[in-house]
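What the coordinates show
Chain residues, written in single-letter form:
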Amino acid sequence: MADKLIPLKIAGIGYCVPETVVTNDDLTKLYETSDEWIYSRTGIKERRLVSGNENAIDLGEKAAKDAIAKSGIDPEDLDMIIAASAAPIEIYSMGCQIHKRLGIKKQVPAFDISAACSGLIYGLSIAKGLINSGMYKNILIVATDNNSKLLDWTDRGTSILFGDGAGAMVVTASDDGVDDIISIDIRSDGNYDHLISLPFSGKNCPLVEPNDVLPSTIKMNGRGVYAFVVKILPNYVDNLIKNSGLTVDDIDYLIPHQANVRIIQAVQERLNLPDEKVITNLKYYGNTSAASIPIAIVESVAQGKVKLGSKVVLCGFGAGMTWGGAIVRLREGIC
Ligand code: COA
């Protein structure tokens, strides 16, 4: 264990979304809805979904390779893989699947965390502790979700929201004394577990409990989630900034979890941020769970909406209920 804290560097960020686009108009073939209804309540116009044999491991592999290439590190120098997935294709374990896909020979620890849409920030918080303490140097975080395969596509209140996608970050020990995570905080309140759930539908031994079990799907009380998040998140993000010793004027951009544009606007209004400082891309991807923040970072940098060398607030929330926030520096060259 190091005597003093080792600073963390965000070295590379990558993402991958599937090719197949499903628009709001397409969804009218499944149930009674309209583009106007969905867009006005969520800000979503279309989402990307996996097709054929494509799955969250494929997306995660591509996002990871993208992040690793940008970080400039050799995959063999990674010494931990954390997979954040709330809709995995393999319960044992997405992290190990990514390890295999990257062809890494070293037998480094790889594991999954499940904090739903807050998974990227939870992963970043774990990685920060491990790097700051000197236990690990180079950690890959992969957030990848196959939401489309766990949705009930007859439930028009829930299935309109989600899309598939993956995002990845490589974080390393920094050699210039600067920690790119200025502040990070993660929270949960299990008393609100009923707002979003995905019950496991395994079958017991037939000698104990003969039964037929229907495949389980994501169940969401949309109105309840909205009310809960709008109540806690704006103040939470405001306090995160204040507690870090910064002011809102020090923040260049807000890059929030992309779940609902009205929730993002509630945070924006609380912080009194102009539109050009608030990044949204859910119009084209819907809610890609834990992947939504890295996808939004890389895409907004590529589009010139976010300049590197800036200070950014990330915030997310998800099933559990879980939530979290981070103030990070985005260095030149990381995406
Ligand atoms: N198209 C048309 N009508 C729909 C619909 C759809 N896709 N989905 C639901 N409705 C109907 C409902 O059946 C209901 O009709 P009723 O009044 O006749 O019963 C009516 O619209 C209102 O439903 P409600 O669920 O109260 O709508 P809402 O205004 O709360 O919007 C969400 C629903 C899901 C868009 C909104 O609650 C939301 O975005 N919540 C946040 C969810 C979230 O962020 N989840 C991710 C967490 S990581």
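Keep in mind that what you see is a predicted model, and the values were worked out from it rather than measured. (Residues numbered from 1 in each chain as written. Predicted model: local features only at pLDDT ≥ 70, side-chain atom pairs only at ≥ 80, totals over all residues. Heavy atoms only, no water.)

Points about helix α2 (residues 35–42)
Here α2 has its buried residues at Asp35, Ile38 and Thr42. Along the axis of α2, the buried positions cluster into a sector of 80°, meaning they face one direction only. For α2, the secondary structure elements touched by its buried residues are α1 (24–27), β3 (46–48), α7 (261–271) and α8 (282–285). Directly after α2, the chain includes glycine 43, whose backbone phi takes a positive value near 90°. (Buried < 20%, exposed > 50% of the residue type's maximum accessible area, 1.4 Å probe, protein only. Helix = DSSP H or I, 4+ residues; strand = E, 2+ residues; numbered from the N terminus. Arc of directions from axis to C-beta. Contact = heavy atoms within 4.5 Å.)

Concerning the pairing of strand β6 (residues 138–145)
Among the 8 residues of β6, 8 are classified as buried, and the element is accordingly described as predominantly covered. Residue alternation in β6 divides its side chains into two sets, Asn138, Leu140, Val142 and Thr144 and Ile139, Ile141, Ala143 and Asp145, and both sets are buried. Relative to β6, strand β4 (residues 80–84) runs parallel, the two being bridged by 5 bridges. Across the sheet, residue alanine 83 finds its bridge partner in β6, namely valine 142. With 8 bridges connecting them, β6 and strand β7 (residues 165–173) associate as antiparallel partners. (Pairing = 2+ DSSP bridges.)

Comments concerning the site of the ligand
Taken together, 23 residues lie near the ligand, and Thr33, Arg156, Gly222, Arg223 and Asn260 sit nearest. One of the side-chain N or O atoms of tryptophan 37 is found 3.4 Å from a nitrogen atom in the ligand. The separation between an oxygen atom of the ligand and a polar side-chain atom of asparagine 260 is 2.7 Å. Contact with the protein chains removes 73% of the 970 Å² of surface that the ligand exposes when unbound. (Near = heavy atom within 4 Å. Polar contact = N/O pair within 3.5 Å; in protein donor to acceptor, adjacent residues only side chain to side chain. Areas by Shrake-Rupley, 256 points an atom, 1.4 Å probe, with all protein chains shown as cover.)

Section: the domain arrangement of the protein
Domain annotation of the protein identifies domain 1 (8–173) and domain 2 (181–330). Taking only C-alpha atoms into account, the centre of domain 1 sits 14 Å from that of domain 2. Domain 1 puts 49 residues into the contact, and the matching count from domain 2 is 46 residues. Here domain 1 meets domain 2 over a buried area of about 3800 Å², counting both sides, of which 68% is carbon and sulfur. At the junction of domain 1 with domain 2, the criterion picks out 0 salt bridges. At the boundary of domain 1 with domain 2, the tally comes to 15 residue pairs in polar contact (both at pLDDT 80 or more). (Domains from an automatic or database assignment. Buried area = accessible area lost by both parts, 1.4 Å probe. Salt bridge = Lys/Arg side-chain N within 4 Å of Asp/Glu carboxyl O.)

A few points about the environment of alanine 302
On the secondary structure map, alanine 302 appears in helix α9 (residues 292–302). Measuring from C-alpha to C-alpha, the distance between alanine 302 and cysteine 335 comes to 7.9 Å, with 33 residues separating the pair along the chain.

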